[in-house]
Amino acid sequence: MNARLPVIVLEAGSRVGGRVAQLHGFAPWPLQLGAEFVHGGENNVLVRLIERLGWSYRTLEWPDRYYFGTRGELGDGDGGYDTDADDAEKSLRGIVDAETAEAHPDVAEAHRLLANLPNTPWVETSRRRGDDDLRDDATESGSVEEACGTTPTRVAIDDIESSATKEVDCTALEWLVDRVKASRRVVEIAESVYANDFGCSLSTMGMRETAVEQREWCHGEEYILLDEGRHLGDLVQEVARGLDIRLNVAASAVEWRKKKASRKEGEKEENNDDKCVVVRAAGGRSFRASACVVASPISALKEMHWCPTFRTSVTFDPRVSQAKRDAIESIQMSDAVKICLAFREKFWPADVWNVVCCDAFLPECWMLEYAPSRKSRDENDRATFSSPRGDVRADIKAIVTFFACGETAKTIARRIREDPERGEAGVVDQALAQLDAMFGGEKENGATGEAAPATTRFVAAEAFPWSGVDTVGGAYTHPSVYAAGARRELQKPEYDGALFLAGEAANVKCNPCMQGAVTTGLEAAAAA
């Protein structure tokens, strides 16, 4: 995009940042309701921006800890180990450090399967040729017949991103249960570690897109957190600085029109039409431009979205290509919820920052602290929500944030939506009970020696389902089943190069991440 041309940013909400948002007025520091970490420090546009600003940051290893809930300990039955006295060292229970947990056969198997992806419905012919490769597959899947495709069927595919063969796919749950015959424990670990991180459930996580993401990911595995009290909302403010941003302007239609170019006397009489894009919004407002980048959530582009409270939709006139419409419908976005629990003091070990919870109500939590909000920042911060609960409580000293996606998040959101008071209270009670189970009991593995360390220190809570934001309607796009090639289709311009789609949905390499969204925006702007 020509840097000398004026650019107008239309924001449907009352703040900038979209799914990067903070809640002020609840705790002494802003609660991060949306994107909170930068995923991976390598080849990352956000890290480059942070370093250019001269901001300090730290890296965190993920997962930091695992928690194995009381609904079933790793190693008891279902293909695992017995938990009698002779095999006690083979079972895991409670909170366990990552190194110990990942040495356990069930955890190691979950990671091996998701790293190697054996016995998927397709065979990449460019990588798998000949009997030796089939024998390798047979070692993983159980038999040469199975590897060759007799039971279950496998199809030789040259390009796993090809939309022509998109029906050759399955969900991660189908793959784990039906194809690799994973144990229940392995499935539960994959649900908490992988599906939740992708923003979905195993039952909706597409294996073809998972394989592409795994192949293309080049950012590293660490989590990056800003220091000195900064958060990703501050990064949004830096990007927004100096831009002409129109808040509360929800685009409803994008039109491609031709306008007659004015000709001076004596000019040639050829019919020299000049094309333009017209963006229409509520209240009869319209904006004309030579090019348009649409970076709305994929939910706004769909003909129908699952979220009952979603109120934002963008249409195109003339309609975009059928291939692009099919791509939009095939890429899915589930729900995400953050449950922030406030306490009068910490009750967890100082070196614990994150726990992935297997076989538990909520799949992940973390314990982070930000610097107290500065008044000057709050007054100018256009990327925040305000707490409805009034002034900051002075007795809040620590926060635990639970994070859930997929069907768990949808269930929680529905409970809160149908009964706001009792629904949220019930969810909070379950979250507190989970923390009591994690950190209560005998003094070992991080436990306090108390029966209910969370409940006795509890002060207040905030539950925030993203399906409740009517301009978003959910979390972020996740690897979707039967969506091969869809993201590359979204990257193709329309309207003779005047219309571009951007956002994490259009990124093949890291679609669930903030840097994925930013990268597609930069690429679209450069091409416009």
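Residues numbered from 1 in each chain as written. Predicted model: local features only at pLDDT ≥ 70, side-chain atom pairs only at ≥ 80, totals over all residues. Heavy atoms only, no water.

S.K.: Help me out: how do you make sense of the overall build of the protein in this one?
M.R.: When you go through the protein residue by residue, the secondary structure sums to 16 helices and 25 strands. When burial is assessed residue by residue, the protein has 52% of its 528 residues classed as buried. Pairs at least 24 apart in sequence give 78% of the contacts found in the protein among residues at least 6 apart. Carbon and sulfur atoms form 48% of the exposed surface of the protein, whose accessible area is close to 24,200 Å². (Helix = DSSP H or I, 4+ residues; strand = E, 2+ residues; numbered from the N terminus. Buried < 20%, exposed > 50% of the residue type's maximum accessible area, 1.4 Å probe, protein only. Contact = heavy atoms within 4.5 Å. Areas by Shrake-Rupley, 256 points an atom, 1.4 Å probe, with all protein chains shown as cover.)

S.K.: Mind showing me how you'd approach unusual backbone geometry here?
M.R.: Most of the time, phi is negative for any residue but glycine, and the peptide bond is trans. With an omega of -10°, the peptide bond running from Trp62 to Pro63 counts as cis. Relative to the elements of secondary structure, Pro63 occurs in the loop between β5 (57-60) and β6 (65-68). Across the junction of Asp317 and Pro318, the peptide omega takes the value 0°, indicating a cis bond. Relative to the assigned elements, Pro318 resides in the loop between β16 (315-317) and α10 (322-330). With a phi close to 60°, Glu228 is a non-glycine residue in the positive phi region. Topologically, Glu228 is positioned in the loop between β10 (223-226) and α9 (232-240). If you check the backbone angles, Tyr495 has positive phi at about 55° while not being a glycine.

S.K.: Looking at this model, I keep getting lost on the nonpolar core. Mind explaining?
M.R.: One broad rule of soluble globular proteins: the nonpolar side chains tend to lie buried together. In this structure, Phe26, Trp175, Leu176 and Ile399 are the most contacted members of the largest nonpolar core, which totals 69 residues. If one sorts the elements of this core by residue count, helix α7 (residues 184-198) sits on top with eight residues. Those residues in contact with Ile399 that sit more than four places away from it in its chain are Phe26, Ala27, Trp29, Leu31, Cys340, Leu341, Ala342, Trp348, Trp366, Met367 and Leu368. (Core = buried A, V, L, I, M, F, W, Y, C linked by side-chain atoms within 4.5 Å.)

S.K.: I'm lost on the sheet that holds β5 in this one. Help?
M.R.: Within a sheet, neighbouring strands are paired by backbone hydrogen bonds and run either parallel or antiparallel to one another. As summarised here, the arrangement of the three strands in space is β4-β10-β5, forming an open sheet in which the pairing is antiparallel. The sheet is open, and its two borders are formed by β4 (38-39) and β5, each paired with just one other strand. (Pairing = 2+ DSSP bridges.)

S.K.: Looking at this structure, how should I read the sheet that holds strand β19 (residues 354-358)?
M.R.: If you trace the seven strands from one edge of the open sheet to the other, you get β7-β6-β19-β20-β22-β18-β23, paired in mixed fashion. On the outer flanks of this sheet lie β7 (94-97) and β23 (458-465), each paired with one strand and no other. When strand polarity is set aside, the average angle formed by the axes of neighbouring strands in this sheet is 20°. Pairing geometry for β6 and β7, over four bridges, is antiparallel. Across the sheet, the residue bridging to Arg65 is Asp97, located in β7. Here helix α13 (residues 420-439) sits on the sheet and contacts β6, β7, β18 (336-343), β19, β20 (364-366), β22 (398-405) and β23; the angle it forms with β18, its principal contact strand, is near 65°. (Axes fitted to C-alpha atoms, helices over the stretch in contact; angles between N-to-C directions.)

S.K.: Hey, could you run me through the packing of helix α12 (residues 406-418) against α13 in this one?
M.R.: Axis angle and axis distance: for two packed helices, these are the angle between their axes and the distance between the axes, and together they describe the pair. Running from N to C, α12 and α13 point in directions that differ by 140°, and their axes come no closer than 5 Å. In terms of orientation, α12 lies oblique with respect to α13. Mapping the contact onto sequence places Ile412, Arg415, Ile416, Arg417 and Glu418 in α12 and Pro420, Gly423, Glu424, Gly426, Val427 and Gln430 in α13. Of the residues in the contact of α12 with α13, the class split is four nonpolar, three polar and four charged. (Parallel < 35°, antiparallel > 145°, perpendicular 65-115°, else oblique. Nonpolar A, V, L, I, M, F, W, Y, C, P; charged D, E, K, R; others polar.)

S.K.: Before we go on, may I ask you to explain helix α1 (residues 45-53) in this structure?
M.R.: An α-helical turn contains 3.6 residues, so any two residues separated by three or four positions project in the same direction. Considered for burial, the residues of α1 that qualify are Val45, Leu46, Val47, Leu49 and Ile50. At its buried positions, α1 is contacted by β4, β5, β10, α9 and α16 (514-527). The N-cap of α1, judged by a side-chain oxygen 2.9 Å from the amide nitrogen of Leu46 a few residues on, is Asn44. Immediately downstream of α1, the backbone of Gly54 shows phi near 80°, a positive value. (Polar contact = N/O pair within 3.5 Å; in protein donor to acceptor, adjacent residues only side chain to side chain.)

S.K.: Help me out: how do you make sense of helix α8 (residues 207-216) in this one?
M.R.: Counting buried residues in α8 gives eight out of 10 residues, a clear majority hidden from the surface. Buried positions along α8 lie against β8 (122-124), β9 (155-157), α6 (172-179), α7, β24 (477-478) and α15 (486-491).

S.K.: Whenever I open this one, the environment of Arg344 confuses me. Can you help?
M.R.: Looking at the element boundaries, Arg344 is found in the loop between β18 and β19. Given a relative accessible area of 42%, Arg344 falls into the partly exposed group. Considered as a pair, Arg344 and Lys397 are 53 residues apart in the sequence and their alpha carbons are 5.0 Å apart. Residues within four places of Arg344 in sequence aside, it is in contact with Asp395, Lys397, Thr456, Arg457 and Val459.

S.K.: Quick question: what am I supposed to make of the environment of Ile331 here?
M.R.: Counting through the fold element by element, Ile331 comes out in the loop between α10 and β17 (332-333). In this structure Ile331 comes out as buried when scored by relative accessible area, which is 0%. Leaving out residues up to four positions away in the same chain, Ile331 has contacts with Ile298, Lys302, Thr477, Ser480, Ala486, Arg487, Leu490 and Ala505.

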